[in-house]
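Residue-level listing of the chains:
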Amino acid sequence: MFLSMNWIKDFVDLSGLDELSLINQFSLSTAEVENDIQFKGADISGIVVAQIKSVENHPESKKLHLLKVDIGESELIDVVCGAPNVKVGMKTAFAKVGAKIGEIEIAPRPLAGHMSYGMCCSESEIGISDNHSGIMEITDDIPLGTDIKEAYAVDDIIFEVDNKSLTNRPDLWSHYGIAREFAAIAKRPLKPLDFDDLTKYDSLPKVDMKIEDKLCQRYSCLQFENISRNQAPVNMRIRLYYCGMRAINFLADMTNYLMLEMGQPMHAFDSRKVENIRIKRFDHDFKFRTLDGVERNIDTDTLMICNGDTPVAIAGIMGGLDSEIVEDTHTLTLESATFDATSIRKSTVRLSHRTDASMRYEKSLDPELTVAAIARFVYLLKQYDGGVEVVSSLTDEIAYRYPEVTLSFDKAYVDRYTGIEIDNDTIVSTLERLGFSVSVDGDDFTVVVPSWRATKDVTIKADIIEEITRIYGYDNFEIHTASAPLFPTRPEPCKKDEDNIKDILVKRFALHELHSYVWNYADELKELGIANIGEIKLMNASNPNIETIRKTMIPTQLCQVKSNIGYAPEFGIFEVGRVVSGMTEDNLCIENKILGITLYKKGMDVRSLYFKLKSIIEVLVDELKHKDVSFEKIEAQYDYEHPTNLNAVIVDGKVIGRLGIVHPTVMKKLDKRACVVFAEIDVDKFAAIASDSIVYREPSKFPGIDIDLSFLTGRFAPIKAAIDAAHCELIKAVDVIDIYEDAENSSIAVRLTFSDNTRTLTRDEVTSVSDAIVAELEKDGIKLKG
């Protein structure tokens, strides 16, 4: 939000003070000010009010004119001008020889064979609007030769406040609210606004208006006639332009001016088109064309302003095209209202249309502002259009008022929270300058929160401490070390396992930890040919690409792999993140904490990459739980999983995750000259596994015997099952020592290590065990390799 120091100084006398220093103090105490402070008018000089005395067509140009210009000096000045709106008697802004406009210095120069001794300026060239259709036309009675900066408020300091820092302060969405803060910081009085007395119109008939929906908190309106002015005063238009708004017409500019000044959005209807005002929602959807010419879809949750049953505006967002103010409008119905903040915010999201008015309504505006804003509007309207006539009494209906907030505390409470000594007089004066009512009984304070701070901002005693300390100045606090007891806390088992998992993956296996959002990226998944699967979708998502909450983490990691394949021929990534597997009976998301691991490698050696990931999982379980892991083939659930190479990860008979290879069709779109394997482990299930005690086994003093067996199979699981079925305590280790695969055959070679702590084993007793294993496998058609 852009703010004008000239406007602020209308309400608080800052003479003798450094304005830039005050802006910096405001940033420290109230809201963040952006670094780019603009000094409007600083780049122009030598521009004066002039009058065109004669206009002749250029003999050699259809666009240029030869002018005689009077700037209040003894001689007229010859000027060549190409503006289409020049006319005799017109007053305009004239840049004399030697004047500066930005980096340009005006000098005598020939134009199409004629000398020009200056330049007639447009408002855009002066920097007071974006209108460059012609030269500026000055209608005010200003002596010729007057510097344009003396005639109008061209010089100004404009600073921008970060909107995010004003979210909880609806009162700061106005120059008067900002001026209140400057008054408190500078310890200067805040000037009251000038209002028209609306009670003198009480005898006039009321406007036919009725609130029919509780989403409208308050609706105030007043009608006028005999409005003759079409264009706002120059200084008003300059302020609007400096603050980021364009001039439209007098009445629209007036409502925008009041919104920027007081923070209360207003809307002006042509009274000829609005006779019976009703504020309501409809029971059916329909189309509605707004002031910007866009046809919008209105649903049953959107609050509308209606003329009887005909909608004329979207409440709190934008008026309708059919009821807008036009050039011949001379009767006006002025709306000043407040609406439910949540309703306005949801409507702007559904309509994908946020306006300056809706941004203020979303912040919970003070309903007490509506009548004050109308009174201020009438006052200014009469200043600028003296013939205007009020033709109705104030019509004001209140459906909701925020409760008054009263807070009590004592001096000891302030001292305890601030840690410094702030005297009672400073406490009272600070709060009163901010608009609070304060009563004091000894060291006890009772504070009544002003209505503009009671909508959602100041609700507890701690908020009062913040008000006192921020104006007192955080930089005035004495720096000292706080003393407080520190107690060690035992981390939760899940958090402890999570940290240990990360350490192992990074330190031992050199994997890269990534962090991602909890939603799927639909566009990126589509490029990989992966379905956008999820149990939960966000309503009215600002971006449809991220509306689905992910059910599995691997698609996210495959997108991350795709964006990194050009940086290394081989890498691994992992993340401990959240997925959502469904909803509870209470409509709450079922969140699962998942460890996702994905390994990528150039080349087609997917088998070694697969067993590398298998080994990583085994190390994690062995290091942290001291248990063995088994793997069991399962059916694919998702389209990115390989239809046959997918296994459940089992510990203590419980499935805690899955290990697999990426589907070939996905791999072709990802990188057809590489291979990718993945694993997902449920961290909560992993943490729930009880750790076994570490058992130390004494190595045998007697020599062991190794038996190598090579079987014609591509699966290790039946070999492992046959070895387990032998129930031989002499087998101390089983290792896969070789895997062979060609177009016709596959084989797996295993090494059985036999030993005994009490004696030396004989070849015969070891052979009998291996023969039994071979016989068991032959039953399943798995034979020894010849």
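Just so you know, these numbers come straight off a predicted model, no measurement behind them.

> Looking at this structure, how should I read the overall build of the protein?
In terms of helices and strands, the protein carries 21 helices and 38 strands. Its C-alpha radius of gyration of 39 Å places the protein more than 25% over the 28 Å reference for a compact globule of 786 residues. Overall, the C-alpha framework of the protein stretches about 130 × 85 × 60 Å when taken along its three principal axes. When each of the 786 residues of the protein is scored for burial, the buried share is 48%. Within the protein, contacts between residues at least 6 apart in sequence are counted, and of these 70% link residues at least 24 apart. Counting every atom, the protein has about 39200 Å² of accessible surface; 48% of that belongs to carbon and sulfur. Side-chain charges of the protein comprise 90 positive and 127 negative groups, with the mean position of each set lying 4 Å from the other.

> Could you clarify how one ought to interpret the pairing of strand β14 (residues 266-270) in this entry?
Two faces belong to every sheet, and in a regular strand the side chains alternate between them. Counting buried residues along β14, five of its five residues qualify, which places the element largely inside the surrounding structure. Here β14 shows a buried face lined by Met266, Ala268 and Asp270 and a second buried face lined by His267 and Phe269. Strand direction decides the pairing type here: β14 and strand β21 (residues 332-339), joined by five bridges, are antiparallel. In the strand pairing of β21, Phe269 is matched with Thr333.

> Can you help me understand the pairing of strand β5 (residues 77-81) in this one?
Among the five residues that make up β5, four are buried, leaving the element largely enclosed by the rest of the structure. Here strand β4 (residues 65-70) runs beside β5; their pairing, made up of five bridges, is antiparallel. Each bridged residue has a counterpart across the sheet, and for Lys68 the counterpart in β5 is Asp78. Here β4 folds back onto β5 in antiparallel fashion, the turn holding six residues, of which Gly72 has a positive phi close to 85°.

> Is there a simple way to think about the sheet that holds strand β38 (residues 746-754) in this case?
Backbone hydrogen bonds hold the strands of a sheet together, and the pairing may be parallel or antiparallel. Overall, antiparallel pairing links the three strands, which are arranged β36-β38-β37 in an open sheet. If you trace the sheet from one side to the other, it starts and ends with β36 (705-711) and β37 (731-741), each paired once. Sheet twist, expressed as the average angle between the axes of neighbouring strands with direction ignored, equals 15°. Here β36 runs beside β38; their pairing, made up of seven bridges, is antiparallel. Each residue of the ladder has a partner; that of Asp706, found in β38, is Thr753. Across the face of the sheet, helix α21 (residues 763-778) comes into contact with β36, β37 and β38 while running at roughly 20° to β36.

> It is not clear to me how the pattern of salt bridges should be interpreted in this structure. Could you clarify?
Where side chains of opposite charge bring their charged atoms close, a pairing between them can arise. A full pass over the atoms with the stated rule returns 53 salt bridges. Between Asp162 and Lys164 there is a salt bridge, with its nearest N and O atoms 3.3 Å apart. With relative accessibility at 12%, the residue Asp162 sits in the buried group. Judged by its relative accessible area of 65%, Lys164 falls in the exposed class. A salt bridge links Arg658 to Glu680, with the nearest nitrogen and oxygen atoms 2.6 Å apart.

> It is not clear to me how unusual backbone geometry should be interpreted in this structure. Could you clarify?
Residues apart from glycine generally show negative phi values, whereas peptide bonds are mostly found in trans. Of note in the backbone geometry, Ala112 takes a positive phi value of approximately 50° without being a glycine. Tracing the backbone shows Ala112 in the loop between β8 (109-111) and β9 (114-116). Residue Ala112 is classed as partly exposed on the basis of its relative accessible area of 43%. Phi angles above zero are rare outside glycine, and Asn587 is one such case at about 60°. Locating Asn587 in the fold gives a position in the loop between β30 (570-583) and β31 (589-602). Here Asn587 falls in the exposed class, since its relative accessible area comes to 60%.

> For this particular structure, what's the right way to read the packing of aromatic side chains?
Note on aromatic pairs: each is described by the distance of the centres and the angle between the planes. Tallied over the full model, the rule gives 20 aromatic pairs. With a centroid separation of 4.6 Å and 40° between ring planes, the pair formed by Tyr413 and Tyr417 is classed as tilted. Remark: Tyr417 and Tyr413 occur in helix α11 (residues 411-418); sequence separation between them is four residues, near one turn of the helix. The exposure class of Tyr417 is partly exposed, given its relative accessible area of 48%. Here the aromatic rings of Tyr472 and Phe477 are separated by 6.0 Å at their centres, their planes lie at 80°, and the arrangement is edge-to-face. Under the relative-accessibility criterion, Phe477 is labelled partly exposed at 22%. One aromatic cluster is present, formed by Phe409, Tyr413, Tyr417 and Phe445 through successive ring pairs.

> Got a minute to help me understand the packing of helix α2 (residues 19-29) against helix α5 (residues 175-186) in this structure?
A packed helix pair is summarised by two numbers, namely the angle formed by the two axes and the spacing between the axes. Axis separation between α2 and α5 bottoms out at 10 Å; the angle between their running directions is 100°. Here α5 runs roughly perpendicular to α2, going by the angle between their axes. Judged by residue contacts, Leu22, Ile23, Gln25, Phe26 and Ser29 of α2 engage Ile178, Glu181, Phe182, Ile185 and Ala186 from α5. Taken together, the residues that form the contact of α2 with α5 break down as seven nonpolar, two polar and one charged.

> Help me understand the nonpolar core in this model?
A general tendency of soluble globular proteins is for nonpolar side chains to be buried together. The biggest cluster of nonpolar side chains holds 117 residues, and the ones touching the most others in it are Phe159, Phe182, Tyr219, Phe224, Ile279, Ile305 and Phe339. Among residues more than four places away in sequence, those in contact with Tyr219 are Met209, Ile211, Phe269, Ile277, Ile279, Ile305, Glu335, Ser336, Ala337, Thr395, Asp396 and Glu397. Counting residues in each nonpolar core, the second largest holds 34 residues, with Leu613, Leu659, Cys675 and Phe686 among its members.

> Honestly, a nonpolar patch on the surface in this entry has me stumped. Any pointers?
A contiguous nonpolar surface patch, about 250 Å² in accessible area, is contributed by Val97, Met115 and Tyr117. The class of Tyr117 is partly exposed, set by a relative accessible area of 36%.

> It is not clear to me how α2 should be interpreted in this structure. Could you clarify?
Each α-helix turn comprises 3.6 residues. Residues three or four places apart therefore point the same way. For α2, the complete set of buried residues consists of Glu19, Leu22, Ile23, Phe26 and Ser29. In a view along the axis of α2, the buried residues occupy a sector of 135°, so they form one face of it. Contacts made by the buried residues of α2 are with α1 (5-9), β11 (156-160), α5 and α13 (461-472). N-capping of α2 is provided by Asp18, with a side-chain oxygen placed 3.1 Å from the backbone N of Leu20.

> How should I be thinking about the side chain of Asp366 in this particular structure?
On the secondary structure map, Asp366 appears in the loop between α9 (356-361) and α10 (369-384). It is Arg218 that comes nearest to the buried, bridge-free Asp366 among opposite-charge side chains, at 6.9 Å. Within the structure, Asp366 has its side chain in polar contact with the backbone nitrogen of Glu368 (distance 3.0 Å). A polar contact of 2.6 Å, which involves the side chain of Asp366, links it to the side chain of Ser451. If near-sequence neighbours (up to four positions away) are discounted, Asp366 is found in contact with Gln264, Thr338, Ser451, Trp452 and Thr455.

> How should the sheet that holds strand β18 (residues 304-307) be read in this particular structure?
Strand order in the open sheet formed by five strands is β12-β15-β18-β19-β20, with mixed pairing between adjacent strands. Edge positions in the sheet fall to β12 (208-211) and β20 (318-319), since each has one partner strand and no second. Where β18 meets strand β19 (residues 310-314), four bridges bridge the pair, whose relative direction is antiparallel. Counterpart to Cys306 in the pairing with β19 is Pro311.

> Would you mind showing me how to read helix α20 (residues 717-725) here?
Among all positions of α20, only Pro718, Ile719, Ala722 and Ile723 are buried. Burial along α20 is one-sided: seen end-on, the buried residues are contained in an arc of 140°. Here the buried face of α20 lies against β36, β37, β38 and α21. Positive backbone phi, approximately 50°, marks His727, located one or two places after α20.

Quick notes on the rules
Along each chain, residue indices are assigned from 1 in the same order as the chain's sequence is written. Local features in this predicted model are restricted to residues of pLDDT 70 or higher, and side-chain atom pairs are both shown and tallied only at a pLDDT of 80 or more, whereas totals for entire chains, interfaces and linings draw on every residue. With hydrogens and water excluded, all non-hydrogen atoms of the structure serve as input to the side-chain values. Runs of E in the DSSP output that reach at least two residues are strands. Runs of H or I that reach at least four are helices, and both are numbered from the N terminus. Atoms counted for the radius of gyration: C-alpha only. Globule rule: 2.2 Å times residue count to the power 0.38. Buried, partly exposed and exposed residues are distinguished by accessible area as a fraction of the type maximum, computed with a 1.4 Å probe on protein chains only: under 20%, between the cut-offs, and over 50%, respectively. Note on contacts: a residue pair is in contact if any heavy atoms of the two residues lie within 4.5 Å. Exposure was quantified through the Shrake-Rupley algorithm and a 1.4 Å probe, taking into account, for residues, occlusion by the shown protein chains and nothing else. Charged residues are defined narrowly, with Lys and Arg counted positive, Asp and Glu counted negative, and His plus the chain ends left uncounted. Lysine's charge is taken at NZ, arginine's at CZ, aspartate's at CG and glutamate's at CD. Here the rule is simple: two strands pair whenever DSSP picks up at least two bridges between them. Angles shown run from 0 to 180 degrees and are taken between the N-to-C directions of axes, each axis being a line fitted to C-alpha atoms and, for helices, limited to the stretch in contact. Salt bridges are defined by distance alone: a side-chain nitrogen of Lys or Arg within 4 Å of a carboxyl oxygen of Asp or Glu. In this analysis, rings of Phe, Tyr and Trp, with Trp reduced to its six-membered ring, are considered paired at centre separations within 6.5 Å, and the interplanar angle assigns stacked below 30 degrees, edge-to-face beyond 60, and tilted for intermediate values. Comment on the angle field: the value is read as roughly parallel under 35 degrees, roughly antiparallel over 145, roughly perpendicular from 65 to 115, and oblique elsewhere. Only Asp, Glu, Lys and Arg are considered charged, only Ala, Val, Leu, Ile, Met, Phe, Trp, Tyr, Cys and Pro nonpolar, and every remaining residue, Gly among them, polar. Put simply, a nonpolar core is a bunch of buried Ala, Val, Leu, Ile, Met, Phe, Trp, Tyr and Cys residues held in one set by side-chain atoms that sit within 4.5 Å of each other. Note on patches: the residues involved have over 30% relative accessible area and no salt bridge, like charges join within 9 Å, and the nonpolar side chains Val, Leu, Ile, Met, Phe, Trp and Tyr join within 5 Å. Each direction from the helix axis to a C-beta atom contributes to the arc, which is the arc of those directions. Definition of a polar contact: a pair of N or O atoms within 3.5 Å, with one able to donate and the other able to accept a hydrogen when the atoms are protein atoms, and with sequence-neighbouring residues admitted only if both atoms are side-chain atoms.

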